[in-house]
Amino acid sequence: MDRKRRHNEINSFLKAGLRLYELCHETSTSCRGDEHEQSIDVWLIIAIFNNVEQIHREFKNFDTARECSEKLLQTFMFLVVHEEFNVVEKLEGILANVVKRLLVKSVVAPAA
C-alpha cells in the first residue's frame with residue numbers, strides 16, 4: 001500500500017509540474033517583447049518542451065512525447081537558420097538527446 005501511495009504522489013507531482021509547464025508555455029508565446037526577451041523565450045521554450053516531453057514519456061504518452069521532441073528539433077532548426085550557433089552549442093546535450101529519441105523509434109519502426 002505504501003508503494004502505491006508513493007506512486008500516486010509522484011504522479012500527482014508530475015501532473016502539477018506538467019500543468020505549470022503548459023502555463024509557462026502559454027505565457028511565453030503570448031508575451032512577445034524586444035529581441036532580448038525573445039532570446040530568453042527561446043531558452044524557456046526549449047526547457048519547457050524538454051521537461052514536458054520527459055513527463056509525457058514517464059506517463060507513457062509516447063505520441064505526445066514525440067510531438068514535444070519534434071517541436072524541440074524545430075526550435076533548434078530555427079536557431080540554426082537564424083545563425084544562433086552559440087545557443088545551439090550551449091544546448092547540444094539536449095539536442096543530441098532529442099535526435100536520439102526521435103531516431104530510435106524511426107529505426108525500429110516496421111516498413112510500410
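This text goes with the structure placed above it.
So, here is what we can say about the structure in this document. (Residues numbered from 1 in each chain as written. Predicted model: local features only at pLDDT ≥ 70, side-chain atom pairs only at ≥ 80, totals over all residues. Heavy atoms only, no water.)

**Brief notes about the overall build of the protein**
Line of reasoning, step 1. Secondary structure summary: the protein contains five helices and zero strands in total.
Line of reasoning, step 2. Listed N to C, the secondary structure of the protein is α-α-α-α-α in terms of helices and strands.
Line of reasoning, step 3. Across the 112 residues of the protein, 25% fall into the buried class.
Line of reasoning, step 4. Sequence separation of at least 24 residues holds for 58% of the intrachain contacts in the protein that already meet a minimum separation of 6.
Line of reasoning, step 5. Looking at the protein as shown, the accessible area adds up to about 8,100 Å², and 58% of this sits on carbon and sulfur atoms. (Helix = DSSP H or I, 4+ residues; strand = E, 2+ residues; numbered from the N terminus. Buried < 20%, exposed > 50% of the residue type's maximum accessible area, 1.4 Å probe, protein only. Contact = heavy atoms within 4.5 Å. Areas by Shrake-Rupley, 256 points an atom, 1.4 Å probe, with all protein chains shown as cover.)

**Quick notes on unusual backbone geometry**
Line of reasoning, step 1. The phi torsion at K60 lies on the positive side, around 65°, for a residue other than glycine.
Line of reasoning, step 2. Residue placement: K60 occurs in the loop between α2 (35-58) and α3 (62-81).
Line of reasoning, step 3. Notably, E83 is not glycine yet its phi reads approximately 55°, a positive angle.
Line of reasoning, step 4. Note on placement: E83 falls in the loop between α3 and α4 (85-90).
Line of reasoning, step 5. Assessed through its relative accessible area of 60%, E83 is described here as exposed.

**Structural notes on the side chain of T75**
Line of reasoning, step 1. Within the element layout of this structure, T75 appears in helix α3.
Line of reasoning, step 2. In this structure, T75 is in contact with V42, I45 and I46, ignoring residues within four places of it in sequence.

**Topic: a nonpolar patch on the surface**
Line of reasoning, step 1. Among the surface-exposed residues, M77, V80 and F85 lie close enough to one another that they form a single nonpolar patch of about 270 Å² accessible area.
Line of reasoning, step 2. Considering the arrangement of structural elements, one finds V80 in helix α3. (Patch = residues over 30% accessible without salt bridge, like charges linked within 9 Å, V, L, I, M, F, W, Y side chains within 5 Å. Salt bridge = Lys/Arg side-chain N within 4 Å of Asp/Glu carboxyl O.)

**Quick word on the nonpolar core**
Line of reasoning, step 1. One finds I46, F49, V52, L72, F76, L79 and L91 to be the most contacted residues of the largest nonpolar core, which totals 17 residues.
Line of reasoning, step 2. Mapped onto this core, the elements with two or more residues apiece are α2, α3, α4 and α5 (92-108).
Line of reasoning, step 3. Apart from the residues within four sequence positions on either side, V52 is in contact with L18, Y21 and C68. (Core = buried A, V, L, I, M, F, W, Y, C linked by side-chain atoms within 4.5 Å.)

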